[in-house]
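# Analysis of the macromolecular model
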Amino acid sequence: MELDAKIPPGPLDQKWVTYKSNCRLVNPSNKRKLEVIVVGTGLAGASAAASLAELGYQVKAFCFQDSPRRAHSIAAQGGINAAKNYQNDGDSVYRLFYDTVKGGDYRSREANVYRLAETSSAIIDQCVAQGVPFAREYGGLLSNRSFGGVQVQRTFYAAGQTGQQLLLGAYSALERQVALGQVTMHSRHEMMDLVVIDGKARGIIARNLITGALERHFGHAVLLCSGGYGNVFYLSTNAMGSNVTAAWKAYRRGSWFANPCYTQIHPTCIPVSGDHQSKLTLMSESLRNDGRIWVPRKPGDTRSPNLIPDEERDYYLERRYPAFGNLVPRDVASRAAKERCDEGFGVGPTGQSVFLDFMDATARYGRAEAHQRQMDAPTEEQVLDLGRELIREKYGNLFDMYARITGENPYLTPMRIYPAVHYTMGGLWVDYELMTTVPGLFALGECNFSDHGANRLGASALMQGLADGYFVIPYTLGNYLAGEIGTKTVPVSDPAFTAGEKAVEDHLNRLMAIRGKYSVDHFHKALGKIMWDQCGMARNQKGLEQAISGIRALREEFWKEVRIPGNSRELNPELEKAGRVADFLELGELTCVDALHRRESCGGHFREEYQTIEGEALRDDAHFCYVGAWEWKESAEPILHRETLEFEVMHPTQRNYK
């Protein structure tokens, strides 16, 4: 079946303007009668809940954390993109659109990406008005820095804690609406199922994670803002609680899942140190502004990096991609690091890492500062000390974090980094209005698939989450709810809610009744190893087929041998994890099925059988220029549906960052 994205007609740069001018509206008195459920309170969820409540809707917001402030958006470090062209270096809405489509390897929907670029500037204005403390230049203007995949400086940032500051801005807007009674906040609640009545999303079943009680909640519409599914790999940069459950329950209720194989491997993470780890730590991509990535030219060189002279170093990104150098997109940088390590040039105890070196930047900043201070003939050590002061101003908290985790001083010796799972470009399929294949169910932010194609450029996740929440959903949800003003509140005693709660209770009872031999983490780790080995940075047909059979066997064992202590009617973190891992086991299989069917390489999806002579991703636009959306079938193979990608402005070409 061919999917209709409901893209407005007309020129690309007029589609969103045309849509906003012609969409249906809900008058203020009617908004007060309509209830909206928002699941997740990260940047997408908090901004959507605050914006919709400000408009007058009655909003119920849910998060499994003890506070919306703990959403994983808080962990984003490097920045948020916007096409303001403050640097006067050639940026524009079109340039941001161009970089995003190209960075996604021509597998994203043009209309959504252009809308994202259009709204980017308004996001910065909104956040400045909220008091977000963006970094500023000496004269007071907002500062910008570069990120991978672009040749302009368009990334706004707040040191290395941009996500935290943006989330606090959205959180303050959300809490204002809570105080006014427009938002009812349900913390420590997890969505366990979607309630569909007469084909439309009408509510959710949630579990109170403190008491274990199941609750029924009605909404005229449901917004899923629950993030991505990177923890299917077990080790990732995501918070340990991040999961796919809300989206997966929606998938099982009729919302199709798009492009699950598009997972992003981030190139600058602290390397794995052993089997004891439960998560990995991201070092911001902003470090690639000033850090130079290299390995020794001689395989197996175990000398201290400071003892390896420059002529014996291979700055491989600068060598392979002279036009972009260390600022190539994440998928390109990650594969290049893997290739060097696989060839024996990796560094560190495991040989699975490369150096990220700030010595050149330190000296450059130091010389400029010494000149500004009119220092005559400063010593090399004086120059480096001055440079370290400036590096500390720009990246200090990131350097401190690295030092605390590794015990190494990155001011004196290069960081060691290696790629790790970070972000997921796949997600629930949505149309131009961010509505899924279930009417009344919307997906925002990383929960949907729409804006990043096969690879997300750095600093675009925060942009998409806030664009969806602040500036897109208020229009598109209104267009839907204009047809629902006559719909009365459905009592939660309705048979659909009763059946939904019983299905959840049966699921929980089934999990609790197993009383097997192995912990939940045992199965999660085993799944993660299969996914990383066979569906990680590189995939091939044989490995994916082995992964699918391996995951099926692991899932069967899980339902026979998982051990969950306690009971379901109490605080039970192991039960929470078990439900999420059960969903990951199903998602892992679908991810591998999707990767197997897509016989091409594009962005973060790299099939070893499909690559250029130079080892770059080789797309097959003739056969795979589409979004692959999967429909759940009980006791049967999922069904693939397609949305053909039409490029009116950006005609696909082989990506070139050389």
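Described in the following lines is the structure provided in the data block.

How each quantity is defined
- Residues numbered from 1 in each chain as written.
- Predicted model: local features only at pLDDT ≥ 70, side-chain atom pairs only at ≥ 80, totals over all residues.
- Heavy atoms only, no water.
- Helix = DSSP H or I, 4+ residues; strand = E, 2+ residues; numbered from the N terminus.
- Rg over C-alpha atoms; globule rule 2.2 N^0.38 Å.
- Buried < 20%, exposed > 50% of the residue type's maximum accessible area, 1.4 Å probe, protein only.
- Contact = heavy atoms within 4.5 Å.
- Areas by Shrake-Rupley, 256 points an atom, 1.4 Å probe, with all protein chains shown as cover.
- Lys, Arg positive; Asp, Glu negative; His and termini not counted.
- Charge placed at Lys NZ, Arg CZ, Asp CG, Glu CD.
- Phe/Tyr/Trp six-rings, centres within 6.5 Å; stacked < 30°, edge-to-face > 60°.
- Core = buried A, V, L, I, M, F, W, Y, C linked by side-chain atoms within 4.5 Å.

## Things to note about the overall build of the protein
Each helix and strand in the protein was counted, giving 17 helices and 19 strands. Computed over C-alpha atoms, the radius of gyration of the protein comes to 24 Å, within 12% of the 26 Å expected from 2.2 N^0.38 for 658 residues, which places it in the range of a compact globule. Along the first, second and third principal axes, the C-alpha atoms of the protein reach 80 × 55 × 50 Å. A total of 658 residues make up the protein; the buried ones form 60% of that total. Partitioning the intrachain contacts of the protein with sequence separation of at least 6 by distance along the chain shows that 74% fall at a separation of at least 24. About 24,800 Å² of surface is accessible on the protein, with carbon and sulfur atoms providing 50% of the total. On the protein, the mean spot of the 74 positive side-chain charges and the mean spot of the 79 negative ones are 3 Å from each other.

## A look at the packing of aromatic side chains
Pairs of aromatic rings are described using the distance from one ring centre to the other and the angle between the two planes. Inspection of the entire model under this criterion finds 28 aromatic pairs. With a centroid separation of 5.8 Å and an interplanar angle of 80°, the aromatic rings of Tyr251 and Trp632 are classed as edge-to-face. Note that Tyr251 is positioned in helix 7 (residues 245–252) and Trp632 in the loop between strand 18 (626–631) and strand 19 (639–644), a separation of 381 residues in sequence. Measuring from centroid to centroid gives 5.4 Å for Phe523 and Phe558, while their planes differ by 85°, and the two rings are edge-to-face. Taken together, the residues Phe523 in helix 14 (residues 520–535) and Phe558 in helix 15 (residues 541–561) connect sequence positions 35 residues apart. Each of the two residues, Phe523 as well as Phe558, counts as buried.

## Topic: the nonpolar core
Counting 185 residues, the largest nonpolar core has Ile80, Leu223, Leu224, Phe257 and Phe442 as its most contacted members. Non-local contacts of Leu223, meaning those with residues more than four positions away in its chain, are made with Val36, Ile37, Val38, Val39, Ala48, Leu52, Phe442, Leu444, Ile473 and Leu477. Trp294, Tyr315, Val347 and Phe355 belong to the second largest nonpolar core, which has five residues in total.

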